[in-house]
Amino acid sequence: MSDAYTTLTRRLADADPDIARLIDDEGRRQANTIRLIASENYVSQAVLDATGTLLTNKYSEGYAGKRYYEGQQVIDQIEELAIERAKAVFGVEHANVQPYSGSPANLAVYLAFAEPGDTVMGMSLPMGGHLTHGWSVSATGKWFNAIHYGVKRDTGTVDFDEVATLARTHRPKLIFCGGTAIPRTVDFAAFAEIAREVDALLVADIAHIAGLVAGGAHPSPVGHAEVISTTTHKTLRGPRGAMLMSTADRAKALDKAVFPGLQGGPHNHTTAAIAVALHEASTPDFSKYAHQIVANAKALASALTERGFDLVSGGTDNHLILIDLTSKDIGGKPAAKALDRAGIELNFNTVPFDTRKPFDPSGLRIGTAAVTTRGMTEADMTHIAGWMDDAVTAARAGKEEALDEIAAQISDFCAQYPIPGWSA
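The sections below set out a description of the structure shown in this document. (Residues numbered from 1 in each chain as written. Predicted model: local features only at pLDDT ≥ 70, side-chain atom pairs only at ≥ 80, totals over all residues. Heavy atoms only, no water.)

Some words on the overall build of the chain
Then, in step 1: Summing up its helical and strand segments, the chain has 16 helices and 15 strands in all.
Then, in step 2: Relative to its length of 424 residues, the chain is compact, with a C-alpha radius of gyration of 22 Å against a globular reference of 22 Å.
Then, in step 3: Considering only residue pairs separated by 6 or more positions, the chain has 72% of its internal contacts joining residues 24 or more positions apart.
Then, in step 4: Split by element, the accessible area of the chain, about 18100 Å² in all, is 52% carbon and sulfur. (Helix = DSSP H or I, 4+ residues; strand = E, 2+ residues; numbered from the N terminus. Rg over C-alpha atoms; globule rule 2.2 N^0.38 Å. Contact = heavy atoms within 4.5 Å. Areas by Shrake-Rupley, 256 points an atom, 1.4 Å probe, with all protein chains shown as cover.)

Observations regarding the side chain of His269
Then, in step 1: Along the chain, His269 turns up in helix α11 (residues 268–281).
Then, in step 2: The residues touching His269, leaving out its near neighbours within four places in the chain, are Ala50, Thr51, Thr53, Leu55 and Thr56.

Some details on the sheet that holds strand β8 (residues 201–205)
Then, in step 1: A sheet is described by the order of its strands in space; here seven strands give the open sequence β4-β10-β9-β8-β7-β5-β6, paired in mixed fashion. The strands lining the two open edges of the sheet, one partner per strand, are β4 (94–96) and β6 (145–149). Between one strand axis and the next, the sheet turns by 20 degrees as a mean value, whatever way the strands run. (Pairing = 2+ DSSP bridges. Axes fitted to C-alpha atoms, helices over the stretch in contact; angles between N-to-C directions.)

A closer look at the pairing of strand β10 (residues 242–246)
Then, in step 1: Of all five residues in β10, five are buried; the element is thus mostly enclosed.
Then, in step 2: Taking every second residue as pointing to the same face, both faces of β10 are buried, with Ala242, Leu244 and Ser246 on one and Met243 and Met245 on the other.
Then, in step 3: Strand direction decides the pairing type here: β4 and β10, joined by three bridges, are antiparallel. Bridging from a neighbouring strand, His94 pairs with Ser246 of β10.
Then, in step 4: The sheet contact formed by strand β9 (residues 227–231) and β10 spans five bridges and is antiparallel. From the neighbouring strand, Ser229 faces β10, where its bridge partner is Leu244. (Buried < 20%, exposed > 50% of the residue type's maximum accessible area, 1.4 Å probe, protein only.)

Let's talk about the packing of aromatic side chains
To describe a pair of aromatic rings, one takes the distance between the centres and the angle between the planes.
Then, in step 1: This structure, assessed with the given rule, holds 11 aromatic pairs.
Then, in step 2: Arranged with centres 4.9 Å apart and planes meeting at 65 degrees, the rings of Phe160 and Phe191 form a pair that is edge-to-face. A residue pair is termed long-range when its members are at least 10 positions apart, and Phe160 in helix α7 (residues 160–170) and Phe191 in helix α8 (residues 188–197) qualify at 31 residues.
Then, in step 3: Clustering of aromatic rings is evident, with ring pairs tying together Tyr63, Tyr68 and Phe259.
Then, in step 4: Over the ring of Phe353 we find Arg153; its NZ or CZ atom is 3.9 Å from the centre of that ring.
Then, in step 5: The positively charged end of Arg237 is found above the aromatic ring belonging to Tyr289, 3.8 Å away from the centroid. (Phe/Tyr/Trp six-rings, centres within 6.5 Å; stacked < 30°, edge-to-face > 60°. Lys NZ or Arg CZ within 6 Å of the ring centre and 35° of its normal.)

Looking at the pairing of strand β7 (residues 174–177)
One face of the sheet, then the other: side chains in a regular strand alternate in exactly this way.
Then, in step 1: Neither face of β7 is open: one carries Leu174 and Phe176, the other Ile175 and Cys177, and all of them are buried.
Then, in step 2: As judged from the four bridges shared by β7 and β8, these two strands associate in the parallel manner. Of the residues in β8, the one forming a bridge with Cys177 is Ala204.
Then, in step 3: This β-α-β element, β7 to α8 to β8, shows right-handed connectivity. (Right-handed = clockwise from strand over helix to strand, strands pointing away.)

Structure representation (structure tokens):
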């Protein structure tokens, strides 16, 4: 057990034993299960350390050199370092590291470049888009005239004929590309060509693939999208935060939208942790990690296909796999619950053209970022696919005791791959 972890748990146990116990329980749960949630990861000990510092004590409304509180001599340097690292890692002209999370970051884009009632366009949520791309239950769907594109029924990939037709018909002010359940490479150049034709601002939401872009395992939107939005966790392996990046001419509007438009003071401990994560993302080891994520995803997709699972688009180009369970005669929700009991953590998810309801859909969404962080490789993906198949089969047959047996096997397996920030 590390000295840092021992000190942390001792202090927490003295101050609040209930919270200390729950954190320890969560650490044990994370360590003993296979984490396949596509939007989750394990941050490094260094990122954890930065997140837990006394930087959380400081209020810093405004931007470096232009604050509304005094005592910013050090904070300004931290934020400027995070910005410079973001610009270097992604090759952008401007970066804002203050957004609290991905949804507020996207809201800032609307505030900067659109007015209520304007027409905007994004991928439909059931097809793989995100709530903040204008879906009806989101503020973005209530405040804007949102038009949605989808995927082709036969390929599961973006229907660019539909994108072009909708754009020419509705002339949106903003076009969002990217999403939350897209297993294939995003063709930023194709979106940019359509956006230029209709004089729309192209916004690339790379929240899921930011780490792959940083590591050179996915094409970059830079040079195609004038505005780029991303979370800093997921494949980028940073803290729970977000960034906005852009060309220089879009910088002022974006910064003004974040503060004072939507937020007060930034979370300085998160900013520091983002800086640490970006430093890690600039290394050759991170590039190897990003490429291993994709290699693992392809191996897992192949192993699942061999076991009779139907994959949306037939496979994956990135970290994410979307499974349609229709042929397995089980819904996504009961399958996800059973897999969780078996020690495999993922989420149920709508698939394109789903005939079931969103809270009880036909699919599962999985990703390989977290298992790759733990050091698992292609050979391990075969074992994971086998356990998934066994668990789904047991769930369909109502054999709950079999799920517990799988969980015990997985716990033993996971002991080979410790996680940062927790010790047994």
